[in-house]
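Now for the letters of each chain:
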Amino acid sequence: MNFTPELDLVLAALRGRFVSGAMSSPTRSDPAIVTAAMQIAVRNKLLLSLAAPLAAVMDQTQIGYVSEYKLRTVQMNSALMRESATLWEAISKHNIEFIFIKGPIQQKSIYDDFFSRPCSDVDILASGENYHKIYTILSSLGYNTTSSSLWWRMFLGEQHLSKAGPPAVTVDLHYRIQQPGSPAPRSTKSYLANPDHTSVLGRQLPHLAREDVPVLSAISIVKGLFNRESVGAHVCDLYACVKADAPQQLNTFLTLATRQNLRGTALFALRIVSATFGAKYDVADEVEAMLPDVSGPDLVRMALTPDDPALVWPKRREVLWHLCQRRPLNYAGEAARALASEAALRLFERPGPAAKD
């Protein structure tokens, strides 16, 4: 694969960390290349996951940076968990159904570690009818909206709120979990009705069930690529939850995704996972049919180094066509929703015409 030396190093470290039987650590490398690889890992929130396989090629300054990064991660995630426990107490008093998604609790579910990567906010998912009730409770706790964007609330289905510190905390309150321009889950009711629970400071906090995490990871991969953001952490989460040699994990993932009208999203995410880790899933033909004109190496670069100026990105409408599994009726509905979103974005959120894609 024609990757830069630093991306080659990241991929070797990823496979050493996650792939059974892979070389446990990369071979020695130039310090400048190691620093560049660490920067890629930081942008993908993977530095702590890759610290062990990269340790053999780090100098003392680089090892010291990882230690400081770990300390900041522990501080940030600990603050978010304390606030999550406080929010649970406040919301539960009103018997309102909600769950936590993403964040340190999800990391615990996947990796048995609250501190595998830094988190910047608390994500809460509620139903549409409970969204404003929870918003009112958050306001009573000193949270204020950080954006007046109608587009965020209407089309993304989320609202950012923040509370002054120390420590300052941001909450993302969701009643949807998709990006306009990609297929939407049919419903979030099953996520809310069947949560898992994890103990945090003596409270049993409800969060997205382990079996539903891969679908959210796939959604997050597509959403990040839509916005041309690094998505390596989500790629690793999906691979950790759906191993190529575990058919039952794959079957559960695809079954749940299909129920939510997200099979195309799941297959596209698996193609990126396959290219990143060299994994071969039982549905390889379906996986390889997703966006076949884009090479596997280019998908890896889009996922891990989206700022690479040499990348030629596919048109978003082409990506949507494949996410809809090339089904005209599905595509027409999702394209209409994307056009409505874009029209609202142009009208309310930014001056001048939007760039065409």
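1. Here we look at the side chain of Ser-274
Here Ser-274 lies in helix α12 (residues 263–277). Setting aside residues up to four positions removed in sequence, Ser-274 forms contacts with Ala-279, Tyr-281 and Val-287.

2. Describing the packing of helix α9 (residues 213–226) against helix α11 (residues 247–259)
Interaxial distance between α9 and α11 falls to 9 Å at its minimum, and their mutual angle equals 65 degrees. Between α9 and α11, the angle falls in the class roughly perpendicular. Relative to α11, α9 is oriented so that their crossing is right-handed. The residues of α11 that touch α9, namely those facing Pro-214, Val-215 and Ala-218, are Phe-253, Leu-256 and Ala-257.

3. Examining the state of the cysteines
Going through the model one piece at a time under the given rule, you end up with zero disulfides. Between Cys-236, a free cysteine, and Cys-241, which holds the nearest cysteine sulfur, the sulfur-to-sulfur gap is 11 Å.

4. Some remarks on the pairing of strand β1 (residues 98–101)
The side chains of a regular strand alternate between the sheet's two faces. The alternating pattern of β1 places Phe-98 and Phe-100 and Ile-99 and Ile-101 on opposite faces, both of which are buried. Two elements, β1 and strand β2 (residues 122–126), share four bridges in a ladder whose sense is antiparallel. Within β2, the residue paired with Phe-98 across the bridge is Ala-126.

5. Focus on the pattern of salt bridges
Using the criterion set out here, one finds ten salt bridges in the structure. For Arg-203, the salt bridge goes to Glu-89, with nearest N and O atoms at 2.8 Å. Residue Arg-203 is located in strand β7 (residues 203–207), and its partner Glu-89 is located in helix α4 (residues 60–92); the two are separated by 114 residues in the primary sequence. Overall, the relative accessible area of 25% leaves Arg-203 in the partly exposed class. Using a relative accessible area of 34% as the deciding quantity, one classes Glu-89 as partly exposed. Linking Asp-112 and Lys-108 is a salt bridge whose minimum nitrogen-to-oxygen distance equals 2.7 Å. Among the charged side chains, a salt-bridge network with shared partners connects Asp-298, Arg-301 and Asp-308.

6. Focus: empty space enclosed by the protein
This model, assessed by the stated rule, comprises five cavities of 30 Å³ or more. Approximately 180 Å³ is the volume attributed to the largest cavity. Lining the largest cavity are 16 residues; nearest its centre among them are Val-222, Leu-225, Phe-226, Arg-316 and Val-319. Within the residue set of the lining of the largest cavity, elements represented by two or more residues are α9, α14 (296–304) and α15 (316–323). It is α15 that contributes the most residues to the lining of the largest cavity, four residues altogether. In this model, the second largest cavity occupies a volume close to 80 Å³. In terms of lining, the second largest cavity is formed by Leu-80, Met-81, Ser-84, Phe-100, Ile-101, Lys-102, Gly-103, Pro-104, Ile-105, Asp-121, Val-122 and Asp-123. Among the secondary structure elements, those contributing two or more residues to the lining of the second largest cavity are α4, β1, α5 (103–111) and β2. Here the lining of the second largest cavity is composed, by residue class, of seven nonpolar, two polar and three charged.

The rules behind the values
Residues numbered from 1 in each chain as written. Predicted model: local features only at pLDDT ≥ 70, side-chain atom pairs only at ≥ 80, totals over all residues. Heavy atoms only, no water. Helix = DSSP H or I, 4+ residues; strand = E, 2+ residues; numbered from the N terminus. Contact = heavy atoms within 4.5 Å. Axes fitted to C-alpha atoms, helices over the stretch in contact; angles between N-to-C directions. Parallel < 35°, antiparallel > 145°, perpendicular 65-115°, else oblique. Left-handed = near helix turned anticlockwise from the far one by under 90°. Disulfide = S-S within 2.5 Å. Buried < 20%, exposed > 50% of the residue type's maximum accessible area, 1.4 Å probe, protein only. Pairing = 2+ DSSP bridges. Salt bridge = Lys/Arg side-chain N within 4 Å of Asp/Glu carboxyl O. 1 Å grid on protein atoms, 1.4 Å probe; cavity = no way out; pocket = protein on both sides within 12 Å on 5 of 7 lines; lining within 4 Å. Points joined across faces, edges and corners; volume = space filled by probe spheres on them. Nonpolar A, V, L, I, M, F, W, Y, C, P; charged D, E, K, R; others polar.

Functional significance is not addressed by these values, which are geometric in nature.
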